[in-house]
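Descriptive structure summary
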Amino acid sequence: MLSQDQYNSYIKILKEELVPAMGCTEPIAIAYAAAKAAEVLAEKILRLHVSCSGNIVKNVKGVIVPNSGGQKGIEAAAILGAVGGDPSKELEVISNATDEARAVTRDLVRKNICTVSLAEDVPNLYIEVTAEGENHKSTVKIENFHTNITLIKRDDEILVERPPEKVSVKTQSSADRNVMTLKGIIDFADTLKISDVEEIFDRQVDYNVRISQEGLDNKWGACIGKTIIETWGNDVRSCACARAAAGSDARMSGCPLPVVINSGSGNQGITVTLPVVEYAEKWRISREKMYRALAVSNLVSLYIKHYIGSLSAFCGAVSAASGAGAAITYMAGGDYASVGRTITNTLANVGGIVCDGAKPSCAAKIASSVHAAILAHHMSMNHEQFMGGEGFVEEDVERTIKNMGYIGKIGMKETDREILNVMIDRVDVDSCL
């Protein structure tokens, strides 16, 4: 049984993590930093410079900046944030960007007022924006979390400073993430007072269902969701994959609709939500039971990503789909052991999918991961699972999750670097093969 402190920690984690964001969170974080730099500069911007980590480059290079009129890239994200952003809105910073701001952005991108450099030996999530005017210069730095500003400076005056070595999960959050265990998550879901999460889950379902429907109704990206419906049919398994993929189709291609994120990612927020909603509707699950299942889905995803970190070569669709599969098993009446088997089966199957940045193919990776999670669920309900000693799988699901965390955080570091090298043409692939 959970203590009151443990229960409160889970509530805090959900409230801190399940927040609205508009568009892929990496370009939005750049826009947020630039908007803040422009606010501090308080005069016409003549030049911008963005220095960011490889993972930020990776996740901005191929994605359309939302509300930008189809513009791509770091320069577009920074300039639109600077000329049309409202930093008080944080991850919805450019939600009110006007036609004029979009036109100005296009013009300034063409004039090359924004330069970009790759920051070395910095956290995986690192953005530094410097804005220069005729008389002043401002700098804003974000580290480790998409809205975590660690430095604000105007000319030589430091307005805000938080030492980088003190920036961590513990300082960013008032909730203790180390409290999370799968057993604790199941106990929390079983004893949850729906009124404690009603507002955030209402919003998560509303926002994420809406962007999924947009992805199914119109042509976005590579139309993965629409293709699944048209070719796989309308059974619950197909619709669960399709609805999750469709939300990503729209989001990765610049749809301005907001989503509620998970682990700092809109794609992960979509993935933990849509399959659960689809199965709840098909099985006629009560709203209360569905919200308990959403607690499982969201927290399992956050639990796995807690060990990996916000950005790595590990595809977050896998951890999010593991959460969705766990929630489906929970709605089917599965206990701790059953839910654990579902997670183990999912990770053992698709744990090796790599992240090569935010872009339309993320929708396909989501569909593949959700499909694997549904297979894992059916295996679990038949008391089948991959056994301890098979690869990184352990008898204890908690150990399997930690093993996956180690592989994602430590083992895939070099993979992450080489993916970036390929993406920015730093290597001659032909000469290496």
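Going by the structure above, here's the rest.
Reference entry: report on the structure contained in this document. (Residues numbered from 1 in each chain as written. Predicted model: local features only at pLDDT ≥ 70, side-chain atom pairs only at ≥ 80, totals over all residues. Heavy atoms only, no water.)

Moving on: the sheet that holds strand β7 (residues 157–161). Read across the sheet, 6 strands follow the order β3-β2-β4-β5-β6-β7 without closing on themselves; strand pairing throughout is mixed. Across the chains shown, the open sheet's two edge strands, defined by having one partner strand only, are β3 (114–118) and β7. Across the sheet, the axes of successive neighbouring strands diverge by a mean angle of 10°, strand direction being ignored. Contacting β4 (126–132), β5 (137–143), β6 (149–154) and β7, helix α2 (residues 25–41) runs over the sheet at an angle of about 35° to β4. (Pairing = 2+ DSSP bridges. Helix = DSSP H or I, 4+ residues; strand = E, 2+ residues; numbered from the N terminus. Axes fitted to C-alpha atoms, helices over the stretch in contact; angles between N-to-C directions. Contact = heavy atoms within 4.5 Å.)

Note that A35 resides in helix α2. In this structure, the C-alpha to C-alpha distance between A35 and V83, residues 48 residues apart in sequence, is 7.3 Å.

Glancing now at the environment of G333. Summarising the element assignment, G333 is placed in the loop between α13 (316–331) and α14 (336–350). Taking C-alpha positions, G333 is 27 Å from N178, a pair spaced 155 residues apart along the chain.

With that settled, the discussion passes to unusual backbone geometry. Positioned with a positive phi, N144 is a non-glycine residue whose angle comes to about 70°. Relative to the elements of secondary structure, N144 occurs in the loop between β5 and β6. A positive phi is found at R284, a non-glycine position, where the angle reads about 55°. The class for R284 is exposed, based on a relative accessible area of 74%. (Buried < 20%, exposed > 50% of the residue type's maximum accessible area, 1.4 Å probe, protein only.)

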